[in-house]
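# Architecture and fold: a report
Spelled out, the chains give:
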Amino acid sequence: MDADVKDVARSVEAASVMELLPARPRLLALGEPTHGEDALLDLRNDLFRRLAEREGYRAIAIESDCLAGLVVDDYVTGGTGTLDEVMERGFSHGFGASPANRELVRWMRAHNDFGHAAERLRVAGFDGPLEFGGAASPRLALTSLHAYLAARIDAGLLTCAEETLDRLLGADDRWTDPGAMMDPSHSVGGSEEAAQLRLLADDLVALLDTQTPYLIATSSREEWERARLYGRTATGLLLYHSWMADASPGRMTRLIGLRDSMMAANLLALAERGPALVHAHNRHLQRERSTMRLGALHLEWWSAGALVSARLGEEYAFLATALGTIRHRGVGTPPPDTVEGLLYGLPGERSLVGARDLLSALGDTRPLPRVSPYYGYFPLDPAHLAESDGVVFVRDLRPAATTSSSASDTP
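Just so it is clear, the structure is predicted and the values come from calculations on it, not from any experiment.

### Observations concerning the overall build of the protein chain
- Tallying secondary structure elements over the protein chain gives 16 helices and eleven strands in all.
- The globule rule puts the C-alpha radius of gyration for 411 residues at 22 Å, and the 22 Å found for the protein chain is close to it.
- Dimensions of the protein chain, computed from C-alpha atoms along their principal axes, come out at roughly 70 × 55 × 40 Å.
- For the protein chain, with 411 residues in total, the buried portion stands at 53%.
- The contacts in the protein chain between residues at least 6 apart in sequence include a share of 78% that link residues at least 24 apart.
- The distance from the centre of the 41 positive side-chain charges to the centre of the 57 negative ones in the protein chain is 2 Å.

Laid out in structure tokens, this is it:
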């Protein structure tokens, strides 16, 4: 390890993060290189608490279903129900089983119960209602948008009735057929009903936009923003289902790219409210084109972070997380000629290093990409350092009772 890197390493604190950046970003993204490890979520929780207490951050966005996330947000802002119910219903990808996610929700509810209204914290899921093996029915998003509009505007402006939507949607299991991800012929997304629903969804979103002043005045900005979420989720899901029914060679690339596009739209909407911490897989938050091998397919797509960064510029910041060891996953001490190997000599379990500082310390050294023996862990790509704002390094990731084994191993 170059002594210069030791000299510029910092503790993972809110103040240390802000010192790396030219200004406080509206979206501060903290990535993780693997899912299902609560030690990484504990780090996220610690950083969010400090950002909320010292830097004015009032929201956190996590890689979970954006519609299910409304259940969590309602609870932490004083809604009814129990914590157990929220953890069961408010998360996708198995993340509700995580003790660290449970602690985040518990702490946010307690903070809001005893804090000032101006300091109220919010939580959002920013993933689509998607799992790696399929997509949800667009029913909830589409009918919720229709109900919001039908309750507030003249019926003559609506191009369809709720009964029409219900007839076209049919049974939800048509949309969630598990065979559709690998076999396009199982997907309902290419049907005439799906095509009609896409036109109706586009029209409802356009109506929502054109009636914005009246809708905010007769409901509230928060209800209008929720309707916008329903609208972009409905159109995103219908487009996703359309591509699930497509048999062309670009099918999987379009699907994975659409997922990140839905993520980016949700993050840009969140950025309108004020500064927020965003937490997800490194691959979803990085500024570079993301890549993944799926069987014989080599997929490349623009991540949510790349899409958001292109729009927000310096108001988007990205900290990649890198790991030393995950011995319970078969990941041992990193080779010394990798970025992780160079950082492994840093003292302490958690460190923060600015990307420019790290590149300067490396000089002419060109670290090699690390090869992971565990398919669920994606090492840091040294070629991506220049497009990151900093690296959070966790030296040894140890198994614990708080480790969630049910979360997806895919980004």
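### A short note on the side chain of Ser98
- Tracing the sequence through the fold places Ser98 in the loop between α5 (83-89) and α6 (99-114).
- Judged by its relative accessible area of 3%, Ser98 is buried.
- Here the side chain of Ser98 touches Asp38 through a polar contact of 2.8 Å, side chain to side chain.

### Description of the nonpolar core
- Ranked by internal contacts, the top residues of the largest apolar core, which has 43 residues, are Leu28, Phe48, Leu51, Ile60, Val105, Met108 and Leu277.
- At six residues, helix α3 (residues 38-54) tops the list of elements feeding residues into this core.
- Non-local contacts of Leu51, meaning those with residues more than four positions away in its chain, are made with Ala14, Met18, Leu28, Gly56, Tyr57 and Leu277.

### A few points about the environment of Gln196
- Its place among the elements puts Gln196 in helix α9 (residues 192-210).
- Taking the C-alpha atoms as reference, Gln196 lies 60 Å from Pro347; in sequence the two are 151 residues apart.

### A short note on the packing of α3 against α6
- The geometry of α3 relative to α6 is characterised by a closest axis approach of 8 Å and an angle of 20 degrees between their N-to-C directions. In terms of axis orientation, α3 runs roughly parallel to α6. In the crossing of α3 with α6, the sense of the turn from one axis to the other is right-handed. Here Asp38, Leu41, Asp42, Arg44, Asn45, Phe48, Arg49, Ala52 and Glu53 of α3 lie close against α6, whose contacting residues are Pro99, Ala100, Asn101, Glu103, Leu104, Trp107 and Met108.
- When the residues that make up the contact of α3 with α6 are grouped by side-chain class, the tally is eight nonpolar, two polar and six charged.

### So, the sheet that holds strand β1 (residues 27-32)
- What the seven strands build is an open sheet, ordered β3-β2-β6-β1-β9-β11-β10; its pairing is mixed. The open sheet has two free edges, formed respectively by β3 (122-127) and β10 (350-354), since each of these has just one partner strand. Direction aside, neighbouring strands of the sheet carry axes that sit 25 degrees apart on average.
- Packing of helix α4 (residues 69-76) onto the sheet brings it into contact with β2 (59-65) and β3, and relative to β3 it is tilted by some 175 degrees.
- Its contacts with the sheet place helix α12 (residues 251-271) against β1, β2, β3 and β6 (276-281), and it is angled at close to 155 degrees to β3.

### Digging into the pairing of strand β11 (residues 390-396)
- With six of seven residues buried, β11 is to be regarded as a mostly interior element.
- Relative to β11, strand β9 (residues 316-325) is paired through six bridges, and the arrangement is parallel. From the neighbouring strand, Ala320 faces β11, where its bridge partner is Val391.
- Where β10 meets β11, five bridges bridge the pair, whose relative direction is antiparallel. Looking at β11, one finds that Arg350 is bridged to Val394.

### Focus: unusual backbone geometry
- Within the chain, His93 stands out as a residue other than glycine whose phi angle is a positive 60 degrees.
- Take His93: it is sitting in the loop between α5 and α6.

### Focus: the pattern of salt bridges
- This structure, assessed with the given rule, holds 26 salt bridges.
- Across the pair Arg395 and Asp396 runs a salt bridge, and its minimum N-O distance is 3.0 Å.
- A cluster of three or more residues bridged by salt bridges with shared partners is formed by Asp46, Arg49, Glu103, Arg106 and Arg350.

The rules we used
Residues numbered from 1 in each chain as written. Predicted model: local features only at pLDDT ≥ 70, side-chain atom pairs only at ≥ 80, totals over all residues. Heavy atoms only, no water. Helix = DSSP H or I, 4+ residues; strand = E, 2+ residues; numbered from the N terminus. Rg over C-alpha atoms; globule rule 2.2 N^0.38 Å. Buried < 20%, exposed > 50% of the residue type's maximum accessible area, 1.4 Å probe, protein only. Contact = heavy atoms within 4.5 Å. Lys, Arg positive; Asp, Glu negative; His and termini not counted. Charge placed at Lys NZ, Arg CZ, Asp CG, Glu CD. Polar contact = N/O pair within 3.5 Å; in protein donor to acceptor, adjacent residues only side chain to side chain. Core = buried A, V, L, I, M, F, W, Y, C linked by side-chain atoms within 4.5 Å. Axes fitted to C-alpha atoms, helices over the stretch in contact; angles between N-to-C directions. Parallel < 35°, antiparallel > 145°, perpendicular 65-115°, else oblique. Left-handed = near helix turned anticlockwise from the far one by under 90°. Nonpolar A, V, L, I, M, F, W, Y, C, P; charged D, E, K, R; others polar. Pairing = 2+ DSSP bridges. Salt bridge = Lys/Arg side-chain N within 4 Å of Asp/Glu carboxyl O.

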